[in-house]
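# Coordinate inspection notes
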Amino acid sequence: MSSDGTGGADRAGTPVGRRVILAMLGLGAAGATVGGYLQNGIDNVLASVTAKDPTGLSGLLPGGGGFRFYSVADTIPHRSPADYRLTVDGLVERPATYTLAQLQAMPRTRLVKDVQCVTGWRVPHTPFTGVLLSHLLDEAGVRPGAKALTFTCFDGVYSESLTLDQARRPDMMVAYAMDDRPVTDAHGGPVRLYAAPMYFYKSAKWLSGITVTDHVQPGYWEHYGYDVDAWVGKSNGRTDAPTD
Ligand SMILES: Nc1nc2c(c(=O)[nH]1)N[C@H]1C(S)=C(S)[C@@H](COP(=O)(O)O)O[C@H]1N2
Ligand SMILES: [Mo]
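Residues numbered from 1 in each chain as written. Chains lettered and ligands numbered in written order. Predicted model: local features only at pLDDT ≥ 70, side-chain atom pairs only at ≥ 80, totals over all residues. Heavy atoms only, no water.

### Topic: the pattern of salt bridges
Counted under the stated rule, the structure contains seven salt bridges. Across the pair Asp138 and Arg168 runs a salt bridge, and its minimum N-O distance is 3.2 Å. Taken as a pair, Asp138 in helix α7 (residues 133-140) and Arg168 in the loop between α8 (164-167) and β7 (172-178) lie far apart in primary sequence, 30 residues in all. Of the charged contacts in the structure, one is a salt bridge between Asp171 and Arg169, with a shortest N-O distance of 2.8 Å. (Salt bridge = Lys/Arg side-chain N within 4 Å of Asp/Glu carboxyl O. Helix = DSSP H or I, 4+ residues; strand = E, 2+ residues; numbered from the N terminus.)

Set out below in structure tokens:
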């Protein structure tokens, strides 16, 4: 990993879900033949879907603001709100499985901060709403010897981790709303992790499990060189301003 913080850009910046996106856009094999040009188009279409302005027009401009779509899996997994489950297990007194409705009935927290991807893009002032990890940990009753959390995803591939101290911060949550709407499939809905003070790769999409462990198990991108402790502006050799 290069110290300028861009070394992982190609890997982390590759929308591996491209085939799916092509299919979604109805472009299929024809799309694949126009290569880079089409990729730009896809990025802009996706940006426009999630652009901050309601017209979506800014997202259509090259370099315009908005989220980039990321998935290391080659599908966009889907769980309906009714079928969704989140398990909490490991070193806890009371393992549990929650429905989306149960999560939504818990004390809710809404945070509005900047989203910062380690590859450089930022989306300012993005609201996330959900349940603090500290609440879920208190419900479960953390057992002695617990040091960390491992997060698993129903894409079957991605994983993430936090130390117990990081997870107990008041800006670490399980989010079911983003931009004050239900988290979409592409953004990791119905429920994703939202680790506000860290680079966005920590915010695992399609969250299905939280396991309390006695040591940190590095997550997906961390096996490829990204920092496990992913504080914005203080890790990965980058100098971004902290999220506000
Ligand atoms: N399950 C899963 N979660 C993930 C990723 C992924 O590939 N799979 N990518 C991460 C990265 S690198 C980023 S920048 C954000 C992108 O979130 P978005 O697709 O909502 O913009 O999701 C993070 N969470
Ligand atoms: Mo990212």
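Read on for the rest.
### Structural notes on unusual backbone geometry
Of the consecutive residues Gly189 and Pro190, the connecting peptide bond is found in the cis state with omega at 5°. When you line up the elements, Pro190 lands in the loop between β8 (181-182) and β9 (192-195). Phi at His125 takes a positive value of approximately 50°, unusual for a residue other than glycine. With respect to the element layout, His125 can be found in strand β4 (residues 122-132). Positive phi outside glycine occurs at Asp179, with the angle close to 55°. Structurally, Asp179 can be placed in the loop between β7 and β8.

### Thoughts on the side chain of Thr109
Looking at the element boundaries, Thr109 is found in strand β3 (residues 109-116). Accessibility expressed as a relative area gives 18% for Thr109, which makes it buried. Residues contacting Thr109, with those up to four places away along its chain left out, are Phe128, Thr129, Gly130, Leu132 and Met173. (Buried < 20%, exposed > 50% of the residue type's maximum accessible area, 1.4 Å probe, protein only. Contact = heavy atoms within 4.5 Å.)

### Some details on the pairing of β4
For β4, a buried count of eight out of 11 residues is recorded, marking the element as mostly surrounded by other parts of the structure. Sheet topology places β3 next to β4; seven bridges connect them, and they run antiparallel. Bridge pairing links Thr109 to Gly130 in β4. Counting the residues in the hairpin turn of β3 and β4 gives five residues, including Gly120, whose phi is positive at 125°. (Pairing = 2+ DSSP bridges.)

### Examining the packing of aromatic side chains
A complete count under the given rule lists 10 aromatic pairs for this structure. On the basis of an interplanar angle of 85° and a centroid distance of 5.1 Å, the ring pair of Tyr220 and Trp221 is categorised as edge-to-face. When sorted by exposure, Tyr220 lands in the same class as Trp221, which is buried. Ring centres of Tyr220 and Tyr224 lie 5.5 Å apart, and the angle between their planes is 40°; on these two criteria the pair is classed as tilted. Overall, Tyr224 belongs to the partly exposed group, its relative accessible area being 41%. (Phe/Tyr/Trp six-rings, centres within 6.5 Å; stacked < 30°, edge-to-face > 60°.)

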